[in-house]
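Architecture at a glance
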Amino acid sequence: MRPIDHSRISAEFDEIIKTFNGLEIQTLLIDPTPLSEDRQYLYNMMYCRDLLFMTPLGAIISNMANNSRKDEILYAQRTLKENNIPILRTIEGKGRFEGADALWVNENLVVVGVGNRTNNEAYLQIKNVLQKLNVD
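Quick look at the structure, then. (Residues numbered from 1 in each chain as written. Predicted model: local features only at pLDDT ≥ 70, side-chain atom pairs only at ≥ 80, totals over all residues. Heavy atoms only, no water.)

1. As for the side chain of E72
For clarity, the threshold we go by: Counting from the N terminus, the helices are the DSSP runs of H or I reaching at least four residues and the strands are the DSSP runs of E reaching at least two. Note on classification: 1.4 Å probe, protein chains only; a residue is buried when its accessible area is under 20% of the maximum for its type, exposed when over 50%, partly exposed between these limits. By the criterion applied in these results, polar contacts are pairs of N or O atoms within 3.5 Å in which, for protein atoms, one can donate a hydrogen and the other can accept it, and in which residues neighboring in sequence qualify only through two side-chain atoms.
Here E72 is to be found in the loop between β2 (58–61) and α2 (73–82). Given a relative accessible area of 0%, E72 falls into the buried group. Within polar-contact distance, the side chain of E72 engages the side chain of R69 at 3.0 Å.

This is how it looks when you write it as structure tokens:
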């Protein structure tokens, strides 16, 4: 195993964004500015897809299973709010959800993987939101 090569990851990221822009895909980057002195939760921020799941009408915010990542969603929420993107639901209670566990199959169908990172409680909350959007 070798250490993370930050400059290489950054260069690859810049190329991905450049490719998206070339394809006229709008990208919104999560602002990593610390929320406060005691809120600098950037443990795995390169995995932003985990923090939310987008629908055509707004976002479903995750409730991370891994405690070290729980407050990363605050950065996603701030960025969405600053860009006037609606938050349709934040997974709550005993529901645990990571956005990367959900995937659009087509405009009417989403699959949600239930396992270690996303539990059935969260699935039911997501299903409720998607049903209102006429999505199975």
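2. Describing the environment of A76
Tracing the backbone through its elements, the reader meets A76 in helix α2. For A76, a relative accessible area of 1% gives the class buried. Sequence spacing of A76 and L29 is 47 residues, and the spatial spacing of their C-alpha atoms is 9.1 Å.

3. Re the side chain of N63
Quick reminder of the rule: Any pair of residues with heavy atoms lying within 4.5 Å of one another is described as a contacting pair.
The topology assignment puts N63 in the loop between β2 and α2. Among the polar contacts made by the side chain of N63, one reaches the side chain of K70 at a distance of 3.3 Å. Within the local environment of N63, its side chain forms a polar contact with the backbone oxygen of G95, the two atoms lying 2.8 Å apart. When sequence neighbours within four positions are dropped, the list of residues in contact with N63 reads K70, I91, E92, G93, G95, R96 and F97.

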